[in-house]
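# Understanding the architecture of this molecule
Each chain, written out:
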Amino acid sequence: MNAPDMKSEHHTTPGEIILELRTVSKRFGEVTAVDDVSLQIARGEFITFLGPSGSGKTTTLMMVAGFLNASDGSIELDGKPLDPLPPYKRDIGMVFQHYALFPHMTVAQNIAFPLRMRKQPKDEIARRVFDALDLVGLPEHGGRRPAQLSGGQQQRVALARAMVFNPRVLLMDEPLGALDKKLREQMQIEIMRIHRNIQTTILYVTHDQEEALVMSDRIAVFNHGRIVQVDAAEKIYDAPATPFIADFVGESNFLSGKVADIADGYARLDGARQLRGLCGADCVLGASAVMVVRPERIQIAPDTPSAQPAENSVAGKVSDIIYLGQARKYLVDIAPGVEFSVLQQSGAKDAFDMPVGKAVRLSWRAEDAVILKDE
Ligand code: ATP
């Protein structure tokens, strides 16, 4: 296959800004769908917009595509304002959840369509369609009609059609939303591989946090029309900026208190347990705060009088055990109305017998917890 031929002609200097949103807002009457969003996207980057339903992801994407005008702010592609350009002149490819293939055309004709619109020579079209089919793993399928393909194959064709003209940016809005879980996971890997090959800039929208963590160089988390954090996937997971992000991306346990002490990047909550964790964003002395700790960072063991108390340790009672195959999830009551979730890998060699009702002790390291301002 000819991956180098499909490589974006626009990929020159990695890290240089290709797309910039400056204080962009979009209002629909009383509703502010996008609220003062600023973002710089680097050439060749895979960036994902992640957020709950209605948080403004699609609206932002539609403004980049040119299907909606911003109420305020500006969007620049390669340093030039996009506002004056209609969608078809923006040099941007799009893939949606519903493939929107032309049913009466063959696969090859569908993929050729953007090139025909751009009046490319015939032999160039044939070569590019051939490469694009190969790139998405459908070299033998050019003569079929969309109805003769599976959902996953149709989505590959949509992807090939969006990429075939080497757009400067590829926009993808929930492209895998209609596929079942197994196929979705397989396609995630394939899209990542294609991205590595062609090195085009991809702006990807999903409300599926696992998908975002798997695929992205960076994730922009949306809530109520705003970007609340933009960072690498690991950073979003390990150092969420707010309790909302900690809750939305992955699973988290929360304990509230007031910040009693800050030293060397760590903070301690007031109260008898003296819980300590990394001092996160907006963690200030005396402020109401929450400690956030991930279920897989917590150790669980029977609560025996001889147990050495760890730095962060709480006693509780197992209220439920959920078998997940590769892991076991313990739900543990640690205070009235406060339940912690603890994930233990199946077959862990230090696994104890801890049935429902058992008194247990949970412990975790200070560096595995983060203390954030209460929202
Ligand atoms: P989803 O994951 O459900 O697609 P989203 O994060 O993409 O959600 P948007 O579709 O951008 O969210 O919508 C943001 C907000 O703007 C929502 O409150 C939505 O109801 C509102 N909205 C979007 N389009 C319009 C419109 N044409 N007219 C009025 N309100 C709209």
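These figures come from a predicted structure and were not determined experimentally. (Residues numbered from 1 in each chain as written. Predicted model: local features only at pLDDT ≥ 70, side-chain atom pairs only at ≥ 80, totals over all residues. Heavy atoms only, no water.)

## Regarding the sheet that holds strand S13 (residues 276-279)
Two pairing modes exist for strands in a sheet, parallel and antiparallel, and in both the strands are linked by backbone hydrogen bonds. Note the cut-off: Two strands are said to pair when DSSP picks up at least two bridges between them. Where helices and strands are cited, they refer to DSSP runs of H or I of at least four residues and of E of at least two residues respectively, numbered from the N terminus. Between N-to-C directions, angles span 0 to 180 degrees; the directions come from axes that are lines fitted to C-alpha atoms, helices contributing only their stretch in contact.
The five strands lie next to each other as S11-S12-S13-S20-S14, forming a closed barrel whose pairing is mixed. Pairs of neighbouring strands in the sheet enclose a mean axial angle of 55°, with direction left out of account. Bridge count between strand S12 (residues 266-269) and S13: three bridges; the pairing is antiparallel. By the bridge assignment, arginine 268 is partnered in S13 with arginine 276.

## A look at the packing of aromatic side chains
Spelled out, the test is: Stacked, tilted and edge-to-face pairs are distinguished by plane angle, under 30 degrees for stacked and over 60 for edge-to-face with tilted covering the rest, among Phe, Tyr and Trp rings (Trp via its six-membered ring) whose centres lie within 6.5 Å. Accessible area is worked out with a 1.4 Å probe on protein chains only. A residue is then buried under 20% of its type maximum, exposed over 50%, and partly exposed in between. For a lysine, the NZ atom is tested; for an arginine, the CZ atom; a charge sits over a ring if that atom is within 6 Å of the ring centre and within 35 degrees of the ring normal.
In the structure shown here, the tally under the stated rule is five aromatic pairs. Consider the rings of phenylalanine 49 and phenylalanine 222, whose centres lie 4.8 Å apart with planes at 45°: the pair is tilted. Taken together, the residues span a long stretch of sequence, with phenylalanine 49 in strand S3 (residues 46-50) and phenylalanine 222 in strand S9 (residues 218-223) at a distance of 173 residues. Ring centres of phenylalanine 340 and tryptophan 364 lie 5.7 Å apart, and the angle between their planes is 35°; this geometry places the pair in the tilted category. Taken together, the residues phenylalanine 340 in strand S18 (residues 338-345) and tryptophan 364 in strand S19 (residues 359-364) connect sequence positions 24 residues apart. Both residues of the pair, phenylalanine 340 and tryptophan 364, belong to the buried class. The ring centre of phenylalanine 165 lies 3.7 Å from the NZ or CZ of arginine 118, which sits over that ring. A cation sits over an aromatic face here: arginine 276 above tyrosine 266, 4.5 Å from the ring centre.

## What to know about helix H2 (residues 57-65)
For H2, a buried count of eight out of nine residues is recorded, marking the element as mostly surrounded by other parts of the structure. Looking one or two residues past H2, glycine 66 carries a phi angle of roughly 100°, positive in sign.

## Observations regarding the side chain of serine 313
Rules: Residue contacts are defined here by distance: any two heavy atoms, one from each residue, within 4.5 Å place the two residues in contact.
With respect to the helices, strands and loops of the structure, serine 313 is situated in strand S16 (residues 312-323). Setting aside anything within four residues of it in sequence, one finds serine 313 in contact with Leu275, Arg361, Leu362 and Ser363.

## Quick look at the domain arrangement of the protein chain
Many structure descriptions define interface size as the accessible area lost when the parts assemble. Spelled out, the test is: Note that the domain bounds were set by an automatic or database domain assignment.
Here the protein chain is described as being made up of domain 1 (4-238) and domain 2 (251-373). Taking only C-alpha atoms, the centre of domain 1 and the centre of domain 2 are 39 Å apart.

## Looking at the side chain of serine 363
Within the secondary structure, serine 363 is located in strand S19. The residues touching serine 363, leaving out its near neighbours within four places in the chain, are Arg297, Ile298, Gln299, Ala310, Asn312 and Ser313.

## Remarks on the site of the ligand
To keep things clear, this is the line we draw: A single heavy atom is enough: if one lies within 4 Å of a molecule or strand, its residue is considered near that molecule or strand. Within 3.5 Å is the distance limit for a polar contact, defined as a pair of N or O atoms, with the added protein rule that one can donate a hydrogen and the other accept it, and that residues adjacent in sequence qualify only through two side-chain atoms. The protein chains shown are the only cover counted for residues, whose accessible areas, like all others here, come from Shrake-Rupley with a 1.4 Å probe.
Neighbouring the ligand are the residues Phe28, Ala33, Pro52, Ser53, Gly54, Ser55, Gly56, Lys57, Thr58 and Thr59. Backbone polar atom of glycine 56 to an oxygen atom of the ligand: 3.0 Å apart, as the coordinates give it. Note that an oxygen atom of the ligand is positioned 2.9 Å from one of the side-chain N or O atoms of lysine 57. About the coverage of the ligand: the protein hides 58% of its 630 Å² of free accessible area.

## Here we look at the pattern of salt bridges
Rules: Each reported salt bridge corresponds to a side-chain nitrogen of Lys or Arg within 4 Å of a carboxyl oxygen of Asp or Glu.
Enumeration according to the criterion identifies 25 salt bridges in this entry. The closest approach of N and O atoms between aspartate 78 and arginine 43, which form a salt bridge, is 2.6 Å. With aspartate 78 in the loop between strand S4 (72-77) and strand S5 (80-81) and arginine 43 in the loop between strand S2 (31-42) and S3, this residue pair connects regions lying 35 residues apart in the sequence. Here arginine 43 falls in the buried class, since its relative accessible area comes to 7%. Across the salt bridge formed by glutamate 124 and arginine 128, the nearest N and O atoms sit 2.7 Å from each other. Taken together, the positions of glutamate 124 and arginine 128, both in helix H4 (residues 122-135) and four residues apart, correspond to about one turn of that helix. Residues glutamate 124 and arginine 128 agree in their burial class; the two are buried. Among the ionic contacts, a cluster of salt bridges with common partners joins Glu16, Arg43, Asp78, Asp91 and Arg168.

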